[in-house]
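Residue-level structure breakdown
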Amino acid sequence: MGTDAGRAALEPAGQGTRIADAARGVTDEAWANAAKHYDVDQLAALVCAIALVNASNRGNVTVQQPAGDCRPGRSPAGMTGQPSRADSVQHRPGHGCGELVE
């Protein structure tokens with residue numbers, strides 16, 4: 001994302017996913033800058049990606065899983081407190097957080 005186009009996509013994504021500080025959404029300036037680099041279909045895909053991240057953020061809040069606090073093999077806080085399948089699965093390098101690898 002070191003290109004002008006990448007930065008133009010990151011600005012609306014960053015503004016559109018902020019939930020902790022009552023952000024008002026993506027500014028007109030950020031959309032105008034993104035529109036210099038992306039067509040309408042690509043901007044629509046960006047909106048969908050932002051919405052997906054927001055849904056994930058809300059899910060994390062629901063299960064009391066702070067963003068950035070993912071530790072492989074650990075169940076989300078606030079669940080039953082009983083060991084889960086994820087608690088017994090070994091994490092291997094190269095696999096993302098939340099992926100179960102046996």
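Look up a bit, the structure's there.
Worth saying up front: this structure is predicted, and the values here are computed from it rather than measured. (Residues numbered from 1 in each chain as written. Predicted model: local features only at pLDDT ≥ 70, side-chain atom pairs only at ≥ 80, totals over all residues. Heavy atoms only, no water.)

What follows concerns the packing of helix α1 (residues 4–16) against helix α2 (residues 28–35). α2 packs onto α1 with a crossing angle of 150 degrees between their chain directions and a minimal axis gap of 8 Å. If you check the angle between α1 and α2, you find them roughly antiparallel. Our pair here, α1 against α2, has a crossing hand that is left-handed. Together, A8, E11, P12 and Q15 of α1 and A30, W31, N33 and A34 of α2 make up the contact between the two elements. Taken together, the residues that form the contact of α1 with α2 break down as 5 nonpolar, 2 polar and 1 charged. (Axes fitted to C-alpha atoms, helices over the stretch in contact; angles between N-to-C directions. Helix = DSSP H or I, 4+ residues; strand = E, 2+ residues; numbered from the N terminus. Parallel < 35°, antiparallel > 145°, perpendicular 65-115°, else oblique. Left-handed = near helix turned anticlockwise from the far one by under 90°. Contact = heavy atoms within 4.5 Å. Nonpolar A, V, L, I, M, F, W, Y, C, P; charged D, E, K, R; others polar.)

With that settled, consider the pattern of salt bridges. On inspection of all chains with the given rule, the structure shows 1 salt bridge. For the salt bridge of D4 with R7, the shortest nitrogen-to-oxygen distance reads 2.8 Å. Here D4 pairs with R7, and both are found in helix α1, just 3 residues apart, close to one helical turn. Judged by relative accessible area, which is 51%, D4 ranks as exposed. (Salt bridge = Lys/Arg side-chain N within 4 Å of Asp/Glu carboxyl O. Buried < 20%, exposed > 50% of the residue type's maximum accessible area, 1.4 Å probe, protein only.)

Once that is clear, we can look at the packing of α2 against helix α3 (residues 40–62). α3 packs onto α2 with a crossing angle of 130 degrees between their chain directions and a minimal axis gap of 11 Å. One finds that α2 runs oblique with respect to α3. In the packing of α2 onto α3, the handedness of the crossing is right-handed. Each of W31, A34 and A35 in α2 lies in contact with α3, whose residues at this interface are L43, L46, V47 and I50. Residue composition of the contact of α2 with α3, grouped by class: 7 nonpolar, no polar and no charged.

Our focus in this paragraph is the environment of A9. By the element assignment, A9 lies in helix α1. The exposure class of A9 is buried, given its relative accessible area of 12%. For the pair formed by A9 and Y38, sequence separation is 29 residues and the distance between their alpha carbons is 8.6 Å. With near-sequence residues (within four places) excluded, A9 lies in contact with Y38 and L46.

Honestly, it's all geometry; don't read function into it.
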